[in-house]
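Topology and contacts: notes
Below, each chain spelled out in residue letters.
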Amino acid sequence: MDWGLFVQLMINGLIVGALYGVVAMCFVLIYKASQVVNFAQGEFVLIGAWVCWFFLTKYQVPFFVGFLMTLAFMVAFGILIQVVVLRPMIGEPVISVIMVTIGLSIIFQALMKWAFGVFAQPFPPIFARESVAILGLEVRTVYLVSLVASLGIMGGFAYFFKATRMGLAMRATAFDQQVAQSLGISIRSVFAMAWAISAAVSAVAGVVVGVVNGVSSALSFIGIKVFPAVILGGLDSIVGGVLGGIIIGLLENLAHFVDSQWLHWGNLIEVVPFWVLIVILMIKPYGLFGTRDIERV
Amino acid sequence: MSLAAEPASRPAAAAPSAAPLLAVNNIEVVYSDVILVLRGLSLAVPPGQIVALLGANGAGKSTTLKAISGLLKSEDGAITRGEVLFDGQPIQALEPEAIVRRGVFQVMEGRRIISDMTCLENLRLGAFTRRDRGQVAADIDMVYQYFPRLKERTGLAGYLSGGEQQMLAIGRALMARPKLILMDEPSMGLSPFLVQEVFQIVRRLVAELGVTILLVEQNARMALQVASYGYIMERGKVVLDGTAAALAENEDVKEFYLGGGGGEERKSFKNLKSYKRRKRWL
């Protein structure tokens, strides 16, 4: 037993899990607000990372400026996708909408490869110091920033849905669209807003992962890992999405630990989340926090 | 048939005020492009009053309210003919949120409060369209004055009793500061005592806040007590209208909606099993 490695992997799991949680929240946000299962969520992450990389390397803008530009771009992008592609699909069968989002995912995946190539590109160095020492542990700055960013986003979501006027409107729309309309809420703008927030926040996750590992098409794996997280938490629960993300992150690193110590099968880290997904669907099909009457897809 | 034939009951002429707050002129509503629900319905609601809209199940009362508030569109319904005038302006082509902004607020049937939010959050949502944010807190206090028991309920609105949910639904409507409230069956599922309480408050709202109410009710007796004017619908049309007092005295209304009436032979329970509706308007 290598406890040092164990602790290392658990911290890693927590950080990666928090990122999954953030993307899972974005996924749930779209699902709750507009009843669309967005299979292109991973591509939002990817696009966010590439766009930020593009601003930073091509125009040499400072990181902070480039990051804000990326967010602005993603807000516009999210609204555009919703208005142009998803709005005409309102009222169409669930399966058609799913096909559309799968189509979007394929198109964006190809588009990004075409525009930026298939090789991983590193971000320019952002932090002055590679690592900082916390309680005697050397922690890479990006990991620390990543964790802080994830927690910040989660706190922001909590505040938004609890205290702001638009957050309440969004919850009302998720609860019952007709009631929301009767209160004077424009459900069209709520839909557009959900997509805008979801795209922008996914981009944050993309940038963080990009800074750590470099940007490549493989980045959209987050979108795939997010499914077990979301199903585990319950498809329509934002808190569930966060917890599901963290649990999946910890589990896959635990699997990696077990694998590296005893089994030596290799790549267990990649498949374990999906075993979990299958087991959950068998014993608790509505997830930890999901409501029962959700239409399964 | 005798009543339907009487030309004296044309609503536009019979409405007491010259400039009604809401005027529905000869509207026709069709669901899913095929089902004709309202067949030339007209009514007028003068400002500062309660107007009752009565009728049997399926007469089209709720559809009328949804046609006014614009919520019809989310149920695949459409106004195919006629117009809805609010404050003299046509509103039938507006989106529901625009209609709410003009000052028409519908309290939907079955209360439809948001059960996974607290009372306070429901009330704050009622004020969604308000521009004067500073006034909202004061208005929440005002709602608590009308419905003191809502203030004590800090948990989720879904756990409130039926009566409290109805009060919350009305309170939520007040938060929007509407000129006209479309109230769909506020007495549904409430005990007679609570019905009394809710209607007393409704009466106070009209007197103290100057709101206008178009009230749809199954409880015709109660509705005619609080309303000043009433319309009776059957199969998508207004078949009779008049002041609430006149309607409450009308033999046909008594027989169809208030129970009793219809002559000597039905005064006794002995003859109840032979009761059948004597006639219809249409």
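Residues numbered from 1 in each chain as written. Chains lettered and ligands numbered in written order. Predicted model: local features only at pLDDT ≥ 70, side-chain atom pairs only at ≥ 80, totals over all residues.

Residues and elements named next belong to chain B. The sheet built from 6 strands is open, its strands ordered β6-β7-β8-β3-β9-β10 with mixed pairing. Looking at which strands have only one partner, the edges of the open sheet turn out to be β6 (104-107) and β10 (237-243). Strand-to-strand, the axes of this sheet are offset by a mean angle of 20°, without reference to chain direction. (Pairing = 2+ DSSP bridges. Helix = DSSP H or I, 4+ residues; strand = E, 2+ residues; numbered from the N terminus. Axes fitted to C-alpha atoms, helices over the stretch in contact; angles between N-to-C directions.)

On to unusual backbone geometry, then. One non-glycine residue, Q35 of chain A, lies in positive phi territory at about 55°. With respect to the helices, strands and loops of the structure, Q35 of chain A is situated in the loop between α1 (3-34) and α2 (41-58). C-beta crowding within 10 Å serves as the criterion here: with 16 such atoms nearby, Q35 of chain A is assigned to the partly exposed category. We note that N26 of chain B has phi near 55°; this positive angle belongs to a residue other than glycine. The topology assignment puts N26 of chain B in strand β1 (residues 22-31). (Buried ≥ 20, exposed ≤ 12 C-beta atoms within 10 Å, placed from the backbone.)

Residues and elements named next belong to chain B. Sheet analysis places β1 next to strand β4 (residues 77-86), joined by 8 bridges and oriented antiparallel. Each residue of the ladder has a partner; that of V24, found in β4, is V84. In this structure, β1 lies alongside strand β2 (residues 35-45), joined through 8 bridges in antiparallel fashion. Across the sheet, L22 pairs through a bridge with V45, a residue of β2. Counted along the chain from β1 to the antiparallel partner β2, the turn is 3 residues long, and its residue S32 has a positive phi close to 50°.

What follows covers the nonpolar core. Counting 170 residues, the largest nonpolar core has L19, V23, A24, A49 and A194 of chain A together with L22 and L215 of chain B as the members making the most contacts within it. The leading source of residues in this core is helix α8 (residues 187-213) of chain A, at 19 residues. If sequence neighbours within four positions are ignored, A194 of chain A has contacts with L29, I30, A33, S34 and M170 of chain A. (Core = buried A, V, L, I, M, F, W, Y, C linked by C-beta atoms within 7 Å. Contact = placed C-beta atoms within 7 Å.)

The next point concerns the interface of chain A and chain B. Accessible area lost when the parts come together is the quantity often used to give the size of an interface. Contacts between the two partners involve 16 residues from chain A, matched on the other side by 20 residues from chain B. Broken down by secondary-structure element, the contributors of at least two residues to the side of chain A that touches chain B are α6 (165-175) and α7 (177-182) of chain A. Per element, the largest residue contribution to the side of chain A that touches chain B is 6 residues, and it comes from α6 of chain A.

With 85% of its residues at a pLDDT of at least 70, chain B reaches an overall mean of 84. Low pLDDT, under 50, characterises residues 1-17 of chain B; the stretch is placed with 26 contacts to residues that sit more than four places away or in other chains. (pLDDT = per-residue confidence, 0-100.)

The next point concerns the sheet that holds strand β5 (residues 89-90) of chain B. Residues and elements named next belong to chain B. Here 4 strands make up an open sheet; going across it, the order is β2-β1-β4-β5 and the pairing antiparallel. The open sheet has two edge strands with one neighbour each: β2 and β5. In this sheet, β5 lies alongside β4 in antiparallel orientation, the contact comprising 2 bridges. By the bridge assignment, F86 is partnered in β5 with Q89.

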